[in-house]
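One letter stands for each residue in the lines below.
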Amino acid sequence: MAATATVAWLPAAILLFVAQVACEYGMVRVVSEMGGPKGKDYCILYNPQWAHLPHDLSKASLLQLRDWTASMLCSPSDLPAKGFSNQIPLVTRGNCTFYEKVRLAQGSGAHGLLIVSKETLVPPGGNKTQYEEIGIPVALVSHKDMVDIFKSFGRAVRAALYAPNEPLLDYNMVIIFIMAVGTVALGGYWAGSRDVRKYMKHKRDDGPEKQEDEAVDVTPIMTCVFMVMCCSMLVLLYYFYDHLVYMIIGIFCLASSTGLYSCLSPLVQRLPFGKCRVRDNNLPYFHKRPQVRMLLLALFCVAVSVVWSIFRNEDQWAWILQDALGIAFCLYMLKTIRLPTFKACTLLLLLLFIYDVFFVFITPFLTKSGNSIMVEVATGPMDSATHEKLPMVLKVPRLNTSPLALCDRPFSLLGFGDILVPGLLVAYCHRFDIQVQSSRIYFVACTIAYGIGLLVTFMALALMQRGQPALLYLVPCTLMTSGALALWRRELGMFWTGSGFAKDLPQPSWALATAQGPQPPKESEAVLSQQPPGKAQVMPAMPAEQPPELAEPKDGAGVSTQEPTGLPGASA
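Just so we're clear, the structure is a prediction, and the values are computed from it rather than from any experiment.

Thresholds applied
- Residues numbered from 1 in each chain as written.
- Predicted model: local features only at pLDDT ≥ 70, side-chain atom pairs only at ≥ 80, totals over all residues.
- Heavy atoms only, no water.
- Helix = DSSP H or I, 4+ residues; strand = E, 2+ residues; numbered from the N terminus.
- Buried < 20%, exposed > 50% of the residue type's maximum accessible area, 1.4 Å probe, protein only.
- Contact = heavy atoms within 4.5 Å.
- Areas by Shrake-Rupley, 256 points an atom, 1.4 Å probe, with all protein chains shown as cover.
- Salt bridge = Lys/Arg side-chain N within 4 Å of Asp/Glu carboxyl O.
- Pairing = 2+ DSSP bridges.
- Axes fitted to C-alpha atoms, helices over the stretch in contact; angles between N-to-C directions.
- Core = buried A, V, L, I, M, F, W, Y, C linked by side-chain atoms within 4.5 Å.
- Patch = residues over 30% accessible without salt bridge, like charges linked within 9 Å, V, L, I, M, F, W, Y side chains within 5 Å.
- Phe/Tyr/Trp six-rings, centres within 6.5 Å; stacked < 30°, edge-to-face > 60°.
- Lys NZ or Arg CZ within 6 Å of the ring centre and 35° of its normal.
- Right-handed = clockwise from strand over helix to strand, strands pointing away.
- pLDDT = per-residue confidence, 0-100.
- Disulfide = S-S within 2.5 Å.
- Expected span 1.5 Å × (residues − 1).

## Structural notes on the overall build of the chain
In step 1: Per the secondary structure count, the chain includes 17 helices and 11 strands.
In step 2: Per-residue burial over the chain gives 46% buried out of 572 residues.
In step 3: Taking all contacts inside the chain whose residues are at least 6 apart in sequence as the whole, residues at least 24 apart take part in 73%.
In step 4: Carbon and sulfur atoms make up 64% of the accessible area of the chain, which totals about 29500 Å².

Structure follows, in structure tokens:
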């Protein structure tokens with residue numbers, strides 16, 4: 001299925017690249033003729049097929065910038081009496097083609113043309129004959145920048161057009177790589193280890209586990225429902241972005257604060273203070289008497305989420321809070337959602353592979369604007385009235401010093417789905433490692449494959465200079481690596497249908513040793529441990545009273561200090 005999707009995508013991608021008009025970002029350096037403030041760079045979008053711009057500012061001519069925005073420059077009558085000799089005129093977009101405007105400007109002596117646009121900047125296109133006729137650069141500049149130019153420098157200004165070189169990759173990709181791979185590795189390891197502890201405790205206690213902290217096993221029906229919801233939500237966001245974006249922000253605040261609590265609660269439970277509990281009461285959630293330290297932790301997590309929601313559009317530092325909350329959310333989801341078989345992993349990853357490719361590469365042919373639905377929603381529509389961005393991404397500001405950072409988006413983004421989806425497979429590999437006692441070879445191999453897939457994504461981003469569906473590279477890398485490893489170890493059948501922690505799974509020796517400590521094993525257990533793993537084992541009946549080594553630790557008041565990983569008050 002993945003190969004079919006890839007083959008189907010290739011001709012569409014080729015057509016997409018052929019149909020696009022060549023365009024590049026450039027800069028216009030503006031300085032005042034009267035001295036005053038230092039020069040400032042503004043972003044422009046130009047078509048190099050009209051004329052190339054110098055890469056070095058020192059080689060660009062500093063010419064008078066003339067405000068002619070009262071005219072559309074569509075006919076000779078729109079020209080000034082003395083022409084635009086050695087000037088760069090500013091004219092308004094509309095009423096005629098780019099070629100007609102630049103032909104009139106060039107004929108009147110202009111050395112360049114800036115077209116002011118109140119709409120989204122688009123490359124000034126033409127045909128081959130027109131390109132050969134024109135010898136001056138033509139570019140689009142936003143109306144907002146035009147207003148700022150005359151407000152900051154007055155009417156007597158000079159401008160130079162140039163297009164500085166920009167590095168293929170920004171250094172912030174290193175930060176995104178470390179965060180993504182670290183989250184996948186930590187989440188996968190935590191999820192597998194947690195399930196092992198729960199399984200071993202269930203075997204020792206011979207009783208049901210607490211239900212409030214159960215992981216959710218994903219079934220094929222749940223996978224299909226999830227895909228329908230993803231497609232529907234993405235399309236709804238594309239058409240009703242301004243109405244739904246605040247709902248998504250609210251959901252993110254709630255889910256990320258819960259995830260942050262879940263990640264920090266094991267650390268807080270190790271603190272030697274704050275073990276006292278709330279007094280007996282009839283209040284909701286508080287009647288179970290949560291510990292004071294856990295209540296303080298919950299307040300802290302909610303406070304972090306609220307602070308981010310208030311200052312979410314602050315570009316200087318709010319991205320740090322968003323990334324911290326996002327990583328906590330991903331870890332919580334990797335711990336909570338569980339794929340029980342490699343078959344379930346393959347189904348989910350392949351469906352999301354097709355989903356990602358379709359909404360990035362195919363939807364530009366289906367939308368009126370020609371933009372990808374996925375990229376449009378992830379980065380926020382240009383015509384959005386709210387100017388809000390979806391928070392379901394890791395974001396790191398660009399670290400290069402190129403002036404073109406003004407033009408391009410100031411942040412590099414990686415969606416949570418590009419972490420969670422492969423991370424669920426990594427978590428399954430870790431559980432399977434423990435099941436077959438394979439020294440975590442599946443876990444390590446799948447994590448390395450994820451890192452390689454992410455590097456390939458960055459390379460494709462640098463080569464194509466456009467947003468990439470990361471799952472296009474991550475899914476093949478992780479699925480093929482895991483499947484090939486299982487085939488090489490002759491465990492593919494078990495890996496394909498294994499349930500992670502089946503009820504007949506024998507306890508590993510390291511887990512028994514950890515649980516029993518230095519105490520010698522009982523005679524019945526010694527006999528039981530000598531049976532081969534493939535034989536059915538009958539566990540001896542546990543006494544009615546729980547052994548001391550398995551009892552929950554108690555604080556000074558004789559009250560259990562064990563806390564669930566959920567929000568306080570879920571259980572005592």
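## Focus: the pattern of salt bridges
In step 1: Overall, the coordinates contain 7 salt bridges when judged by the stated rule.
In step 2: Between Asp 148 and Lys 40 there is a salt bridge; the shortest N-O distance is 3.1 Å. With Asp 148 in helix H4 (residues 143-153) and Lys 40 in strand E2 (residues 40-46), this residue pair connects regions lying 108 residues apart in the sequence.
In step 3: The closest approach of N and O atoms between Arg 489 and Glu 491, which form a salt bridge, is 3.2 Å.

## Observations regarding the sheet that holds strand E5 (residues 113-117)
In step 1: Ordered by their spatial adjacency, 7 strands build a closed barrel running E1-E2-E6-E5-E4-E3-E7, and the pairing between neighbours is mixed. Taken pair by pair, the neighbouring strands of this sheet meet at an average axis angle of 40°, ignoring direction.
In step 2: One ladder, built from 4 bridges, connects strand E3 (residues 63-67) with strand E4 (residues 87-92); its direction is parallel. Bridge assignment links Leu 65 to a residue of E4, and that residue is Ile 88.
In step 3: The sheet strands contacting helix H2 (residues 98-107) are E4, E5 and strand E6 (138-142), and the helix crosses E5 at an angle near 140°.
In step 4: Its contacts with the sheet put H4 on strand E1 (24-32), E2, E3, E4, E5, E6 and strand E7 (157-162), and the angle it makes with E2 is roughly 155°.

## Digging into the nonpolar core
In step 1: Among the nonpolar cores identified, the biggest contains 87 residues, and Tyr 355, Leu 414, Ile 419, Leu 425, Tyr 450, Leu 454 and Phe 495 are the most heavily contacted of them.
In step 2: In this structure Leu 414 touches Ile 176, Ala 180, Val 393, Leu 394, Ile 419, Tyr 450, Leu 454 and Ala 470, once residues within four positions along its chain are discounted.
In step 3: The next biggest cluster of nonpolar side chains, apart from the first, holds 22 residues, and it includes Val 28, Leu 53, Ala 139 and Leu 161.

## What to know about a nonpolar patch on the surface
In step 1: A surface patch of nonpolar side chains, about 610 Å² in accessible area, is lined by Val 302, Val 306, Val 307, Ile 310, Phe 311, Trp 317 and Ile 320.
In step 2: Along the chain, Val 307 falls in helix H8 (residues 292-310).

## Topic: the packing of aromatic side chains
In step 1: Counting across every chain of the model gives 16 aromatic pairs.
In step 2: Counting every residue linked through ring pairs, the aromatic cluster contains Phe 342, Tyr 428, Phe 432, Tyr 442, Phe 495 and Trp 496.
In step 3: Between the NZ or CZ atom of Arg 155 and the centre of the ring of Phe 150, over which it lies, the distance is 4.5 Å.
In step 4: The ring of Phe 411 carries Lys 395 above its face, with NZ or CZ at 4.2 Å from the centroid.

## Quick word on unusual backbone geometry
In step 1: Although it is not a glycine, Gln 437 sits at a positive phi angle of roughly 55°.
In step 2: Here Gln 437 shows up in the loop between helix H12 (417-436) and helix H13 (441-464).
In step 3: The phi torsion at Ser 439 lies on the positive side, around 55°, for a residue other than glycine.
In step 4: Mapping Ser 439 onto the fold places it in the loop between H12 and H13.
In step 5: On the accessibility criterion, Ser 439 (71% relative accessible area) is exposed.

## Points about the pairing of E4
In step 1: Taking burial as the measure, the 6 residues of E4 include 5 buried ones, the bulk of the element.
In step 2: In terms of strand pairing, E4 meets E5 through 3 bridges, oriented parallel. Within E5, the position partnered with Thr 92 by the bridge is Val 116.
In step 3: A crossover links E4 with its parallel partner E5, the connecting element being H2, and its sense is right-handed.

## Quick word on the confidence of the model for the chain
In step 1: On average, the chain scores 76 in pLDDT, and the residues at 70 or more come to 74%.
In step 2: Model confidence for the chain, summarised as mean pLDDT per element, is weakest for helix H1 (residues 2-19) at 35 and strongest for helix H14 (residues 471-488) at 94.
In step 3: In the model, residues 500-572 has pLDDT below 50 throughout and makes 99 contacts with residues more than four positions away in sequence or in other chains.

## Focus: the state of the cysteines
In step 1: Scanning the entire structure with this criterion turns up 1 disulfide.
In step 2: In this model, Cys 74 is linked to Cys 96 through a disulfide, with the two sulfur atoms separated by 2.1 Å. When the S-S torsion is -80°, as for the bridge of Cys 74 with Cys 96, the disulfide is left-handed. Within this pair, whereas Cys 74 is found in the loop between E3 and E4, its partner Cys 96 is found in the loop between E4 and H2, the two being separated by 22 residues in sequence.
In step 3: The thiol of Cys 446 is not disulfide-bonded; the next cysteine sulfur, from Cys 429, is found 4.1 Å away.

## Structural notes on H8
In step 1: End to end, H8 covers 27 Å across 19 residues, agreeing with the expected 27 Å (1.5 Å per residue, within 8%).
In step 2: Within H8, burial applies to Arg 293, Met 294, Leu 295, Leu 297, Ala 298, Cys 301, Val 304, Ser 305, Trp 308 and Ser 309.
In step 3: Taken together, the buried residues of H8 touch helix H7 (241-268) and helix H9 (318-336).

## Let's talk about the environment of Pro 220
In step 1: With respect to the helices and strands, the residue Pro 220 is situated in helix H6 (residues 220-239).
In step 2: Look at Pro 220 and you get exposed, because its relative accessible area is 51%.
In step 3: With 125 residues separating them along the chain, Pro 220 and Cys 345 place their C-alpha atoms 9.9 Å apart.

## Describing the environment of Gly 380
In step 1: Looking at where Gly 380 falls in the secondary structure, it is placed in the loop between helix H11 (373-379) and strand E10 (393-397).
In step 2: Judged by relative accessible area, Gly 380 falls into the buried class, the value being 6%.
In step 3: Placed 143 residues apart in sequence, Gly 380 and Leu 237 show a C-alpha to C-alpha distance of 9.7 Å.
In step 4: Non-local contacts of Gly 380, meaning those with residues more than four positions away in its chain, are made with Tyr 241, Glu 388 and Lys 389.

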